[in-house]
2 protein chains.
Amino acid sequence: MLSFTEENYLKALVELTVFEAESEEVGVNRLAHCLDVKPATVSDMVRKLKDKELVHYEKYGKISLTSEGRFKGMMVIRRHRLWETFLSSKLDFSWDEVHEIAEELEHVHSEKLINRLDEFLDFPEFDPHGDAIPNKLGEILLPSRKTLAEVEVGKSCRIIAVRDQVEVLQYMDRIELCINQEVTIAHREEFDGLTTITHGNQSSVVSPKLTENIFVVCSVCSKAKCTCDV
Amino acid sequence: MLSFTEENYLKALVELTVFEAESEEVGVNRLAHCLDVKPATVSDMVRKLKDKELVHYEKYGKISLTSEGRFKGMMVIRRHRLWETFLSSKLDFSWDEVHEIAEELEHVHSEKLINRLDEFLDFPEFDPHGDAIPNKLGEILLPSRKTLAEVEVGKSCRIIAVRDQVEVLQYMDRIELCINQEVTIAHREEFDGLTTITHGNQSSVVSPKLTENIFVVCSVCSKAKCTCDV
DNA sequence: TATAAAAGTTAGATTAGTCTAACAATTTTT
DNA sequence: AAAAATTGTTAGACTAATCTAACTTTTATA
Ligand SMILES: [Mn+2]
Ligand SMILES: [Mn+2]
Ligand SMILES: [Mn+2]
Ligand SMILES: [Mn+2]
């Protein structure tokens, strides 16, 4: 059985090498920063994960997941996102509250529990932040998506996901932006990226700090399967 | 924030000094046995819990809970029993499966979560094994109850709770005994305590190993409030 | 290509929780 | 009340996860 710590390393590795997907491998410093520990700590731990055949790694080299490591990490993310969905849809938590609680729930190991929960929730495809939920085989839909910061002036798009950070989520609530909403880029200031968007009957001026954390697809694509460029 | 380990010590102390209630205090050996660790380990840990003002304790003396320790321990039990109820009533787990999973879920700390869960379950009074669920103030109903082994021959009683142990629960399923069921003591062998009971249309011969783990009240009393002797 | 910068490793320390083995205090029995 | 049994404590060791500080390797740059 993996410890909390080991599970968190695998989860971070999936996020860095599968979701962010600049590359399938990652350095010690990057992983350390992501887990908020020192590189020395990661150096040690990665050796342990290698002994357990959860990562590929050679001294001074890059870290990547084995297929077992990837599966185990994906299961942590599956649990995290299913619990977030449960908290949101059954216990009426708001989307900015669920992450913190799911950080604990994701480490409850019972496989039967998570599959029953999945069924109880009617096999949801996405969590409250629009992130796809891996299935019990560890497979996940990775829709091609852009950030709102990348959409050209004049174009329209639909929000399909948001980075799961309390400040982002609360800010979006405040200006009444939400998932599935149609947004049009009315104007973008070259100087600082300040963007004027229209959504619903409103118009807001937002900074890249927000737009870089909002993921969109072009308006005409279906939420689940969009593969076009916005 | 308390660690898993500290929470398990407090939970065990509540079980020994509140529920079993031979006495409000307990020795190092007894607690060690209950937690499946060595007395040396408990000696150390109890000093730590004393520093945190969770227990009363003097070297070579007995251990007892402070009111803060009692409250914190009671909250662990509240979480345990609410999750067991959730697993049983919402996710269709059988009563012998829920304990193991609740041992992990009970350490998820969010107070808001547990109060929302309580509401979602419609404020249940008892868990699937008939044990009362402490309220958010740490108060709990401790109904006077006997074990089935103590009921006299010829008398009838109703099962209100069962010790939460997989083997006991599975055995009861097998002979079709369950909570709220009416049972009559038809005969008891002096020699070895083997007891013949009638329940429903059946009759079974059961040993003290079973009857000592089944809690009952007299038939006419209400489940929740019985204070009479069977 | 030599040097500087960045990235990564190692050694040694710390904390939590556990153990065994030896010892000490308390309680029970004779 | 002395001896025996039980109960509890301490010392020393171990593992997991972390840190800092010093050192080494790799990469980038002048
Ligand atoms: Mn999250
Ligand atoms: Mn999420
Ligand atoms: Mn239980
Ligand atoms: Mn129970």
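Provided above is the structure to which this section pertains.
## Comments concerning the protein's contact with DNA strand D
Moving on, step 1. Near DNA strand D, the surroundings consist of 20 residues, among which S3, T41 and K48 of chain A together with S43 and Y57 of chain B are the closest.
Moving on, step 2. Considering DNA strand D, the proportion of its atoms within 4 Å of the protein that are sugar or phosphate atoms stands at 83%.
Moving on, step 3. Measuring from a phosphate oxygen of DNA strand D, one finds a side-chain N or O atom of K59 of chain B at 3.0 Å.
Moving on, step 4. For DNA strand D, a phosphate oxygen lies 3.0 Å from a polar atom in the backbone of Y60 of chain B.
Moving on, step 5. Mapped onto the surface near DNA strand D, the elements with two or more residues apiece are α1 (4–19) and α3 (39–51) of chain A together with α2 (28–35) and α3 (39–51) of chain B.
Moving on, step 6. By residue number, the principal contributor to the surface near DNA strand D is α3 of chain A, which donates five residues.
Moving on, step 7. For the surface near DNA strand D, the class distribution of residues is nine nonpolar, six polar and five charged.

## A few points about the coordination of the manganese ion (ligand 4)
All names here are of chain B.
Moving on, step 1. Only E84 (OE), D127 (OD) and H129 (ND1) from the protein coordinate the manganese ion (ligand 4), and they sit 2.1 to 2.3 Å from it.
Moving on, step 2. Donor residues for the manganese ion (ligand 4), ordered by position in the chain, follow E-x42-D-x1-H.
Moving on, step 3. Here the manganese ion (ligand 3) and the manganese ion (ligand 4) are spaced 3.5 Å from one another, each receiving a donor from E84. Separated by 45 residues along the polypeptide, E84 in helix α4 (residues 67–89) and H129 in the loop between α6 (111–120) and β3 (146–147) bring together distant segments of the chain.
Moving on, step 4. We classify H129 as buried; its relative accessible area is 0%.

## Let's talk about the sheet that holds strand β3 (residues 146–147) of chain A
Residues and elements named next belong to chain A.
Moving on, step 1. Taken together, the six strands give an open sheet; going across it, the order is β3-β8-β4-β5-β6-β7, and neighbouring strands pair in antiparallel fashion. Looking at the sheet topology across the chains shown, the edges are occupied by β3 and β7 (202–206).
Moving on, step 2. Summarising the sheet, strand β4 (residues 156–162) and strand β5 (residues 182–188) pair through three bridges and their orientation is antiparallel. Bridge assignment links R158 to a residue of β5, and that residue is E182.
Moving on, step 3. Contacting β4, β7 and β8 (214–218), helix α7 (residues 166–174) crosses the sheet at an angle of about 135° to β4.

## So, the protein's contact with DNA strand C
Moving on, step 1. Residues in contact with DNA strand C amount to 21 residues; listed here are only the nearest, S43 and Y57 of chain A together with S3, T41 and K48 of chain B.
Moving on, step 2. The separation between a phosphate oxygen of DNA strand C and a polar side-chain atom of Y9 of chain B is 3.5 Å.
Moving on, step 3. Here K38 of chain B contributes a backbone N or O atom positioned 3.0 Å from a phosphate oxygen of DNA strand C.
Moving on, step 4. Those elements giving two or more residues to the surface near DNA strand C turn out to be α2 (28–35) and α3 of chain A together with α1 (4–19) and α3 of chain B.
Moving on, step 5. Examining the composition of the surface near DNA strand C, we find that five residues originate from one element, α3 of chain B, more than from any other.
Moving on, step 6. Class assignment for the residues of the surface near DNA strand C results in 10 nonpolar, six polar and five charged.

## Regarding the coordination of the manganese ion (ligand 3)
Moving on, step 1. Coordination of the manganese ion (ligand 3) by the protein is provided by H80 of chain B (NE2), E84 of chain B (OE), H99 of chain B (ND1) and D164 of chain B (OD), with metal-donor distances spanning 1.9 to 2.1 Å.
Moving on, step 2. Mapped onto the sequence, the donors of the manganese ion (ligand 3) take the spacing H-x3-E-x14-H-x64-D.

## Observations regarding α3 of chain B
All names here are of chain B.
Moving on, step 1. Look at α3: 19 Å from first C-alpha to last across 13 residues, which is about the 18 Å you get at 1.5 Å a residue.
Moving on, step 2. Looking only at α3, the buried set comprises V42, M45, V46 and L49. Angularly, the buried residues of α3 cover 110° about the axis, an arc narrow enough to put them on a single face. Opposite the packed face of α3, turned more than 90 degrees from it, sit the exposed residues A40 and D51.
Moving on, step 3. Check the buried side of α3 and you find it contacts α1, α2 and β1 (55–56).
Moving on, step 4. Note on α3: the residue one or two positions beyond its end, E53, has a positive phi of about 60°.

## Some remarks on the environment of G154 of chain A
All names here are of chain A.
Moving on, step 1. Mapped onto the secondary structure, G154 falls in the loop between β3 and β4.
Moving on, step 2. The class for G154 is exposed, based on a relative accessible area of 55%.
Moving on, step 3. Taking the C-alpha atoms as reference points, G154 and Y9, 145 residues apart in sequence, are found 42 Å from one another.
Moving on, step 4. If sequence neighbours within four positions are ignored, G154 has contacts with T184 and I185.

## A look at the relation of the copies chain A and chain B
Moving on, step 1. Mapping chain A onto chain B calls for a rotation angle of 180° and an axial translation of 0.0 Å; the resulting RMSD is 0.0 Å. What the rotation and shift describe, once combined, is the action of a two-fold rotation axis. Within chain A, L105 of chain A has its C-alpha nearest the rotation axis, a separation of 3.7 Å.
Moving on, step 2. Both copies contact each other with a shared surface, as 100% of the interface residues of chain A are interface residues in chain B too.

Thresholds, definitions, all that
Residues numbered from 1 in each chain as written. Chains lettered and ligands numbered in written order. Predicted model: local features only at pLDDT ≥ 70, side-chain atom pairs only at ≥ 80, totals over all residues. Heavy atoms only, no water. Near = heavy atom within 4 Å. Polar contact = N/O pair within 3.5 Å; in protein donor to acceptor, adjacent residues only side chain to side chain. Helix = DSSP H or I, 4+ residues; strand = E, 2+ residues; numbered from the N terminus. Nonpolar A, V, L, I, M, F, W, Y, C, P; charged D, E, K, R; others polar. Donors = N, O, S within 2.8 Å, 3.2 Å for Na, K, Ca; no water. Buried < 20%, exposed > 50% of the residue type's maximum accessible area, 1.4 Å probe, protein only. Pairing = 2+ DSSP bridges. Contact = heavy atoms within 4.5 Å. Axes fitted to C-alpha atoms, helices over the stretch in contact; angles between N-to-C directions. Expected span 1.5 Å × (residues − 1). Arc of directions from axis to C-beta. Least-squares fit on C-alpha atoms with pLDDT ≥ 70 in both.

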